[in-house]
Amino acid sequence: KQEVTQIPAALSVPEGENLVLNCSFTDSAIYNLQWFRQDPGKGLTSLLLIQSSQREQTSGRLNASLDKSSGRSTLYIAASQPGDSATYLCAVSGSSNTGKLIFGQGTTLQVKP
Amino acid sequence: DTAVSQTPKYLVTQMGNDKSIKCEQNLGHDTMYWYKQDSKKFLKIMFSYNNKELIINETVPNRFSPKSPDKAHLNLHINSLELGDSAVYFCASSHSGGWETQYFGPGTRLLVL
């Protein structure tokens, strides 16, 4: 049974810092891995999707890496800003390609001005 | 233009009642999903439909019944509501299947009293 864990559960950093969020999963037979952002009281916004054959994806100040064999992904945020404050969720899609996403419990990030 | 919309946004009701949540997407996607986010913010898939056909049916009480009248709509009907049904329910859609980014609606906050 696939389990997804995110560490740390919460993180507080001063503005301008570079930071790394971690995601680990127990079954390496995944189709893809997605990082989402959730603002309080809002829905999820997809940030990056990494296919199982890829090693990383970049979008602006965000870079996500995937090491399928070790069951790990990281989300790197460069030059953090107060507007980056949100909960970041990692989700893996199983190898059956049904679209079933299994989520971690998220890392809540606070970037202080 | 809202890509994935849900109604209502908030729903407060008494135990034992029956209620429905509606979801519509205007992205032209073939696949739609229902997720439940509990009080600990843990997101778990409930159902998915591809072009009106049920694809994923997780271990969910049979009081929950999804209905897809067409591929742009996926509604969730809940019978005999219980206190434990209180949660945020998210609808999502993707172009076709598991390798695609999923787009989430804003969520429906259900409170059962």
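It should be noted that the structure appears before, not after, this text.
Residues numbered from 1 in each chain as written. Chains lettered and ligands numbered in written order. Predicted model: local features only at pLDDT ≥ 70, side-chain atom pairs only at ≥ 80, totals over all residues. Heavy atoms only, no water.

S.K.: I keep staring at the layout of surface pockets and nothing clicks. Help me out?
M.R.: By rolling a water-sized probe across the atoms, one finds the places where empty space is left. When its volume is computed, the largest pocket comes out at roughly 700 Å³. Contributing to the lining of the largest pocket are 33 residues, with Phe103(A), Gln105(A), Lys41(B), Phe42(B) and Leu43(B) lying nearest its centre. Of all the secondary-structure elements, those providing two or more residues to the lining of the largest pocket are β1 (4–7), β9 (86–94) and β10 (101–103) of chain A together with β5 (43–50) and β9 (87–94) of chain B. Classifying every residue of the lining of the largest pocket gives 12 nonpolar, 11 polar and 10 charged. (1 Å grid on protein atoms, 1.4 Å probe; cavity = no way out; pocket = protein on both sides within 12 Å on 5 of 7 lines; lining within 4 Å. Points joined across faces, edges and corners; volume = space filled by probe spheres on them. Helix = DSSP H or I, 4+ residues; strand = E, 2+ residues; numbered from the N terminus. Nonpolar A, V, L, I, M, F, W, Y, C, P; charged D, E, K, R; others polar.)

S.K.: What am I meant to see in the side chain of Gln102(B) here?
M.R.: One can find Gln102(B) in the loop between β9 and β10 (103–104). What makes Gln102(B) buried here is its relative accessible area of 2%. Of the polar contacts made by the side chain of Gln102(B), one reaches the side chain of Tyr35(B); its length is 2.7 Å. Sequence-distant contacts of Gln102(B), that is, excluding residues within four places in its chain, are made with Gln34(A), Phe36(A), Ser46(A), Gly99(A), Leu101(A), Tyr33(B), Tyr35(B), Ala92(B), Ser93(B) and Ser94(B). (Buried < 20%, exposed > 50% of the residue type's maximum accessible area, 1.4 Å probe, protein only. Polar contact = N/O pair within 3.5 Å; in protein donor to acceptor, adjacent residues only side chain to side chain. Contact = heavy atoms within 4.5 Å.)

S.K.: Sorry, what's going on with the pattern of salt bridges here?
M.R.: Working definition: two side chains of opposite charge can pair if their charged atoms are close together. Per the counting criterion, the structure on display carries six salt bridges over all chains. In this structure, Asp39(A) engages Arg37(A) in a salt bridge whose closest nitrogen and oxygen atoms are separated by 3.0 Å. Arg37(A) gets classed as buried once you look at its relative accessible area, which sits at 17%. Residues Glu58(B) and Lys100(A) are paired through a salt bridge, measuring 3.1 Å at the closest nitrogen-oxygen approach. (Salt bridge = Lys/Arg side-chain N within 4 Å of Asp/Glu carboxyl O.)

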